[in-house]
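# Working through the structure, step by step
The lines below spell out each chain.
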Amino acid sequence: MAGKRSILFSKSSGLSTEELIRKRTFWSFFIFFALAAAGFGAWTLLQRQPSLNGVPKPFTAVMRFNESIFSKTLSDKHLAKEYPVSEAVSNVRVNGDLGMNDQFDPSHWVLNVVRKQGDTLHITLDQIKKLPKTDIVFNFKCIEGWSQITHWGGVKFSTFMRAFGLNDETGLKYVGLSTPDKEYYVGIDMPSALHPQTLLCYEMNGVALPMNQGYPLRLIIPVKYGVKNIKRIGTMQFSDSRPPDYWSDKKGYDYFSGL
Ligand SMILES: Nc1nc2c(c(=O)[nH]1)N[C@H]1C(S)=C(S)[C@@H](COP(=O)(O)O)O[C@H]1N2
Ligand SMILES: [Mo]
């Protein structure tokens, strides 16, 4: 081995210093341009890939991979930080208004719950209010970059499921929620829905939810960004495949939007 190497060495050492430098300079440039061309080629190729909502597929593939990690690690374990009621703001921001149209008639509202078998339960607000109530004060965060400490009250999603005999349904992977007019809709992974801080909420700051905050019932899910906190729930259904999700479908936002 040692002998072979010294032969190779003695061959190249036949070059003068100047020749060596010239040779190395040539190779340095060659490699530089080859890499630059490869980089440019890869970029052009990426641009030509089919895209999903304007985002090239390879990027969305990476996003899906990240989602698969975060959906498993973050959703059901950690608790969102809670605050004393005194820290909750009284001027709660109103942000989204999809599915919040004026034609809504609260006197006819019921929560439609489509069971695994296909039949539908029609649940009234009074029935929901009879279940044990939980309050939570947490920092509500919108993906657009604002946050607010707010105070909500309602029934734990997990308690609701048990109370209405929806045990088989908790074995499915997702819950889909939509407004009565179907304008806004979200998909929630079941572990996050059953998370101890997730509420079907009918109170804000100790009083009935105001109309523009989603009267009569909204989702409060502190382990997710604001987008998943759907206001004015009309229908709930369950599935093993991902239910449609407004912002994830329209803009390619992270499906899980976990914090
Ligand atoms: N029905 C409905 N729910 C919705 C939205 C919406 O447009 N319509 N926007 C979402 C978004 S992006 C955020 S940040 C929060 C805002 O809740 P707020 O209006 O109570 O501040 O509601 C979420 N739930
Ligand atoms: Mo948001």
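This text follows the structure it describes.
To start, this report covers the structure provided alongside it. Per chain, residues are indexed from 1 in the order of the written sequence. Whichever chain is written first is A, and whichever ligand is written first is 1; the rest continue in order. Totals for whole chains, interfaces and linings use all residues, but because this is a predicted model, local features are given only for residues with pLDDT of at least 70 and pairs of side-chain atoms are given and counted only at 80 or more. In computing side-chain properties, one takes all heavy atoms of the structure into account and sets aside hydrogens as well as water.

## Focus on the site of ligand 1
For clarity, the cut-off: A molecule or strand has a residue near it when one of that residue's heavy atoms lies within 4 Å. Contacts described as polar in this section are N or O atom pairs within 3.5 Å, which, within protein, must combine one atom able to donate a hydrogen with one able to accept it, while residues neighboring in sequence count only if both atoms come from side chains. All accessibility values rest on the Shrake-Rupley procedure with a 1.4 Å probe; residue burial counts only the protein chains present in the view. Residues are grouped as follows: Ala, Val, Leu, Ile, Met, Phe, Trp, Tyr, Cys and Pro are nonpolar; Asp, Glu, Lys and Arg are charged; every other residue, Gly included, is polar.
Neighbouring residues of ligand 1: 19 residues in total, closest Arg93, Asn95, Leu98, Gln213 and Lys231. In this structure, an oxygen atom belonging to ligand 1 sits 2.9 Å away from a side-chain N or O atom of Arg218. Here Lys231 contributes a side-chain N or O atom positioned 2.5 Å from an oxygen atom of ligand 1. Coverage of ligand 1 by the protein amounts to 98% of the 530 Å² it exposes when considered alone. Partitioning the shell around ligand 1 into residue classes produces 9 nonpolar, 6 polar and 4 charged.

## Let's talk about the nonpolar core
Rule in force here: Note on terminology: a nonpolar core comprises buried Ala, Val, Leu, Ile, Met, Phe, Trp, Tyr and Cys residues joined through side-chain atoms within 4.5 Å. Partly exposed describes any residue whose relative accessible area lies between the buried limit of under 20% and the exposed limit of over 50%, with all areas from a 1.4 Å probe on protein chains only and scaled to the type maximum. Helix and strand labels come from DSSP, where a helix needs a run of H or I of at least four residues and a strand needs a run of E of at least two; each type is numbered from the N terminus.
In this structure, Leu111, Phe160 and Met236 are the most contacted members of the largest nonpolar core, which totals 35 residues. Those elements that provide at least two residues to this core are β3 (111-114), α4 (125-129), α5 (157-163), β7 (174-178), β8 (185-189), α6 (190-193), β9 (199-204) and β12 (235-239). Val92, Ile136, Cys142 and Ile220 belong to the second largest nonpolar core, which has 12 residues in total.

## Focus on the side chain of Glu169
Operational definition: None of His or the chain ends enter the tally, which takes Lys and Arg as positive and Asp and Glu as negative. Definition used for salt bridges: Asp or Glu carboxyl oxygen within 4 Å of a side-chain nitrogen of Lys or Arg. Contacts were defined at the residue level, with two residues in contact if any of their heavy atoms lie within 4.5 Å.
With respect to the secondary-structure elements, Glu169 resides in the loop between α5 and β7. For the buried Glu169, which has no salt bridge, the nearest side chain bearing the opposite charge is Arg115, at an N-O separation of 4.8 Å. One polar contact links the side chain of Glu169 to the main-chain amide nitrogen of Lys116, over a distance of 2.7 Å. Look past the residues within four positions of Glu169 in its chain and what remains in contact with it is Arg115, Lys116, Met161, Met190 and Phe238.

## Remarks on the pairing of strand β6 (residues 147-156)
Using the following cut-off: Two strands pair under a simple rule: DSSP has to find at least two bridges between them.
In terms of burial, β6 is largely enclosed, as 8 of its 10 residues are buried. Of the pairings in the sheet, the one linking strand β5 (residues 134-141) to β6 comprises 8 bridges and is antiparallel in character. For Lys141, the partnering residue across the bridge sits in β6 and is Ser147. Where β5 hands over to β6, the hairpin turn is made up of 5 residues, of which Gly145 adopts a positive phi near 115 degrees.

## So, the pairing of β12
The two faces of a sheet get side chains in turn, since along a regular strand they alternate between them. Across the 5 residues of β12, 4 count as buried, placing the element largely inside the fold. Bridging between β3 and β12 involves 3 bridges; their strand directions are parallel. Residue pairing in the sheet places Asn112 in a bridge with Thr235 of β12. Of the strand pairs in this sheet, β7 and β12 are connected by 5 bridges, and their pairing is antiparallel. Across the sheet, the residue bridging to Leu177 is Met236, located in β12.

## A word on the sheet that holds β7
In plain terms, the rule: Lines fitted to C-alpha atoms define the axes, with helix axes restricted to the stretch in contact, and inter-axis angles between N-to-C directions lie between 0 and 180 degrees.
A sheet is described by the order of its strands in space; here 5 strands give the open sequence β4-β3-β12-β7-β8, paired in mixed fashion. Edge strands, defined here as strands with exactly one partner in the open sheet, are β4 (120-123) and β8. For this sheet, the mean angle separating the axes of adjacent strands, direction not counted, is 20 degrees. In this sheet, β8 lies alongside β7 in antiparallel orientation, the contact comprising 5 bridges. The partner of Val175 across the bridge, within β8, is Ile188.

## Description of the pattern of salt bridges
This structure, assessed with the given rule, holds 5 salt bridges. Between Lys224 and Asp189 there is a salt bridge whose closest N-O contact spans 2.9 Å. Here Asp189 lies in strand β8 and Lys224 lies in the loop between β11 (218-220) and β12, a separation of 35 residues in the sequence. The residues Lys224 and Asp189 share a single accessibility class, namely buried.

## Some words on the packing of aromatic side chains
What counts is decided by this rule: In this scheme Phe, Tyr and Trp rings, the latter by its six-membered ring, pair at centre separations within 6.5 Å, and the angle between planes marks the pair as stacked below 30 degrees, edge-to-face above 60, and tilted otherwise. Here, a charge over a ring means that NZ of Lys or CZ of Arg falls within 6 Å of the ring centre while also lying within 35 degrees of the ring normal.
Using the criterion set out here, one finds 11 aromatic pairs in the structure. Centre to centre, the rings of Phe140 and Trp146 are 6.0 Å apart; their planes meet at 10 degrees, and the pair counts as stacked. According to the relative accessible area criterion, Phe140 is buried, its value standing at 10%. We classify Trp146 as buried; its relative accessible area is 14%. Pairing Phe160 with Phe164 gives two aromatic rings, centres 5.1 Å apart and planes at 45 degrees, and the pair type is tilted. In terms of burial, Phe160 and Phe164 fall into one category: buried. In textbook terms, an aromatic cluster arises when at least three aromatic residues are bridged by ring pairs, as seen for Tyr184, Tyr185, Tyr246, Trp247 and Tyr253. Its end group placed over the ring of Tyr255, Lys228 keeps NZ or CZ at 4.3 Å from the ring centre.

Interpretation in functional terms is not warranted from these geometric data alone.
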